[in-house]
Amino acid sequence: MTRRHLLGGLPAAALLASCDSLPASGPTTSEIAAAGRPGRSGGTRFALVDVTADTVAIMQRWSAASLQGSFGQQRPAARQLIGVGDYVQVVIWEAAAGGLFSGPANDRGASGSRSATIPEQVVGPDGALTVPYAGRVRVAGRSPAEVEQAIVQALREKAIEPQVLVTVTRNVANTVTVIGEVTNGARVPLTTRGDRLLDVIAAAGGTRAAAHEVFVTLVRDGASVRIPMQAILNDPAENVYVQAGDVVSVARDPQTFTAAGATGVNTVIPFDAVGITLEQALARAGGVNDSRADPTGVFVIRFERPADYDQLGLQRPDPSALPEVPVIYRLTMRDPVGFFIARRFPVRNKDMVYVSNAPSMEIQKAMTILLPFLGAGATAVTVGAVTTR
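Residues numbered from 1 in each chain as written. Predicted model: local features only at pLDDT ≥ 70, side-chain atom pairs only at ≥ 80, totals over all residues. Heavy atoms only, no water.

## Re the overall build of the protein chain
Phase 1 of the analysis: Across its full length, the protein chain carries 12 helices and 18 strands.
Phase 2 of the analysis: Sorting the 389 residues of the protein chain into buried and exposed places 39% on the buried side.
Phase 3 of the analysis: When the accessible surface of the protein chain is split by element, carbon and sulfur atoms take 56% of a total near 21000 Å². (Helix = DSSP H or I, 4+ residues; strand = E, 2+ residues; numbered from the N terminus. Buried < 20%, exposed > 50% of the residue type's maximum accessible area, 1.4 Å probe, protein only. Areas by Shrake-Rupley, 256 points an atom, 1.4 Å probe, with all protein chains shown as cover.)

## Description of the sheet that holds strand S9 (residues 214-220)
Phase 1 of the analysis: Here we have five strands laid out as an open sheet, ordered S8-S7-S11-S9-S10, and mixed in their pairing. Each edge of the open sheet is held by one strand with a lone partner, namely strand S8 (186-189) and strand S10 (223-228). Here the strands of the sheet are splayed against their neighbours by 20° on average, with no regard to which way each runs.
Phase 2 of the analysis: Examined bridge by bridge, strand S7 (residues 175-180) and S8 share four bridges and lie antiparallel to one another. Bridging across to S8, threonine 177 finds its partner in arginine 187. (Pairing = 2+ DSSP bridges. Axes fitted to C-alpha atoms, helices over the stretch in contact; angles between N-to-C directions.)

## Side note on the side chain of threonine 44
Phase 1 of the analysis: Counting through the fold element by element, threonine 44 comes out in the loop between helix H3 (29-35) and strand S1 (47-50).
Phase 2 of the analysis: Residue classification places threonine 44 among the buried residues on the basis of a relative accessible area of 17%.
Phase 3 of the analysis: Side-chain polar atoms of threonine 44 contact the backbone oxygen of phenylalanine 46, separated by 3.3 Å.
Phase 4 of the analysis: The residues contacting threonine 44, other than those within four sequence positions of it, are Gly36, Arg37, Pro38, Pro317 and Asp318. (Polar contact = N/O pair within 3.5 Å; in protein donor to acceptor, adjacent residues only side chain to side chain. Contact = heavy atoms within 4.5 Å.)

## A word on the nonpolar core
Phase 1 of the analysis: Membership of the largest hydrophobic core comes to 33 residues, with the highest contact counts inside it found for Phe257, Leu278, Tyr329 and Phe345.
Phase 2 of the analysis: Of all the elements, strand S16 (residues 325-331) adds the most residues to this core, at four residues. (Core = buried A, V, L, I, M, F, W, Y, C linked by side-chain atoms within 4.5 Å.)

## Comments concerning the environment of isoleucine 341
Phase 1 of the analysis: In this fold, isoleucine 341 is placed in helix H11 (residues 337-342).
Phase 2 of the analysis: Under the relative-accessibility criterion, isoleucine 341 is labelled buried at 10%.
Phase 3 of the analysis: Between the C-alpha atom of isoleucine 341 and that of aspartate 54, which follows or precedes it by 287 residues, the distance is 9.7 Å.
Phase 4 of the analysis: Isoleucine 341 has contacts with Val51, Thr52, Ala53, Val56 and Leu331, leaving out every residue within four places of it along the chain.

## Focus on the sheet that holds strand S13 (residues 267-271)
The strands making up a sheet associate through backbone hydrogen bonding, with each pair oriented either parallel or antiparallel.
Phase 1 of the analysis: Overall, mixed pairing links the six strands, which are arranged S1-S16-S15-S18-S12-S13 in an open sheet. Both outer strands of the open sheet, S1 and S13, are each paired with one neighbouring strand and no more. Taken over all neighbouring pairs, the strand axes of this sheet differ in orientation by 25° on average, direction set aside.
Phase 2 of the analysis: Sheet analysis places strand S12 (residues 255-261) next to S13, joined by five bridges and oriented antiparallel.

## Looking at the packing of aromatic side chains
Phase 1 of the analysis: If you walk through the whole model with that rule in mind, you get four aromatic pairs.
Phase 2 of the analysis: Centroid distance tyrosine 329 to phenylalanine 345: 5.3 Å. Interplanar angle 65°. Geometry classified as edge-to-face. With tyrosine 329 in strand S16 and phenylalanine 345 in the loop between H11 and strand S17 (346-347), the pair connects residues that are 16 residues apart, well separated along the chain. Comparing tyrosine 329 with phenylalanine 345 shows no difference in burial state: the two are buried. (Phe/Tyr/Trp six-rings, centres within 6.5 Å; stacked < 30°, edge-to-face > 60°.)

## Focus: the pattern of salt bridges
Pairing between side chains of opposite charge can happen when the charged atoms of each approach one another.
Phase 1 of the analysis: A complete count under the given rule lists 13 salt bridges for this structure.
Phase 2 of the analysis: Ionic pairing is found between arginine 343 and glutamate 279, a salt bridge with its closest N-O pair at 3.2 Å. Of the two residues, arginine 343 is situated in the loop between H11 and S17 and glutamate 279 in helix H9 (residues 278-284); the sequence distance between them amounts to 64 residues.
Phase 3 of the analysis: Salt-bridge contacts for arginine 316 lead to aspartate 310; the nearest nitrogen and oxygen are separated by 2.6 Å.
Phase 4 of the analysis: Under the relative-accessibility criterion, arginine 316 is labelled partly exposed at 30%.
Phase 5 of the analysis: According to the relative accessible area criterion, aspartate 310 is partly exposed, its value standing at 35%. (Salt bridge = Lys/Arg side-chain N within 4 Å of Asp/Glu carboxyl O.)

Right under this line is the structure:
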């Protein structure tokens, strides 16, 4: 009887012999290491990189997106030129009455000098305006002063010592388009003194989101660069001069990372757009669970740009045709040096910070499931012994 009860518990023990049957929040350190080894074909599904001080030093040299680096610190144009679509008004004065644009000489109310205002016109596709007695005058690509001289020259033999004033009433050609998370998206006219990126965003009413959640994209001549607004605020060199025809897009993009495994909390955690370190990420996740965590199994999971990953001097995982390289960075906190490395290792948007369970946790889980069977078997043995007596 005793043997029958003891044998009855063996199927449960055999079931627990398989680790796959135990509940878990994710793979163990040894399972991740095994999955990162080359297969029979010699390839790997992901790159498993042990983080060292040298690894962090290489990562700190990776180039971040930069407006100044992409577009340069170009100075504003020395003068603004009239373009197609601009609204222009022309006023013409004559030195004496009785001319083309002045009242008759016998008008007693006349002061001896008269002017005429030509109604506001839009610069046509041909880049010209119509001026009475001067015909079509080309204005596109010229400054207002140059257009004034051209009109005076055309009227020199027709009007009495003409003087001309050309005013751009609505600036369309010399504008920057600002869209996205701003109060008033619009075409912002540029001033002659020159305008920087933050100037035109402010002119559009400023952003509607917190600065640490905002990303600014500058599109110019087919090139596009996106950087956090905090990077512009922290580095004045990134606040570049804008040019006519630029498009500025302001977007809200909260930065988050996922904490999983043996951390204080398992959730999606927001952080500032400029980024945080692994040390800060672990702190925001409630630290590592000292009763569950394997200190040698702190992992950061992300996709890297191939150009950046190649600087690590490691072989790419298969398939190599992926647009981004899947990488799992492994850091051990058992070594005190790991604390200093964690203070420099960057955590990026949509990273996963995973801490694996300690090997002893598997034994504890197995015993938790096995103890009821052992207790029942021990009770049966005791009862059988008493009955035999």
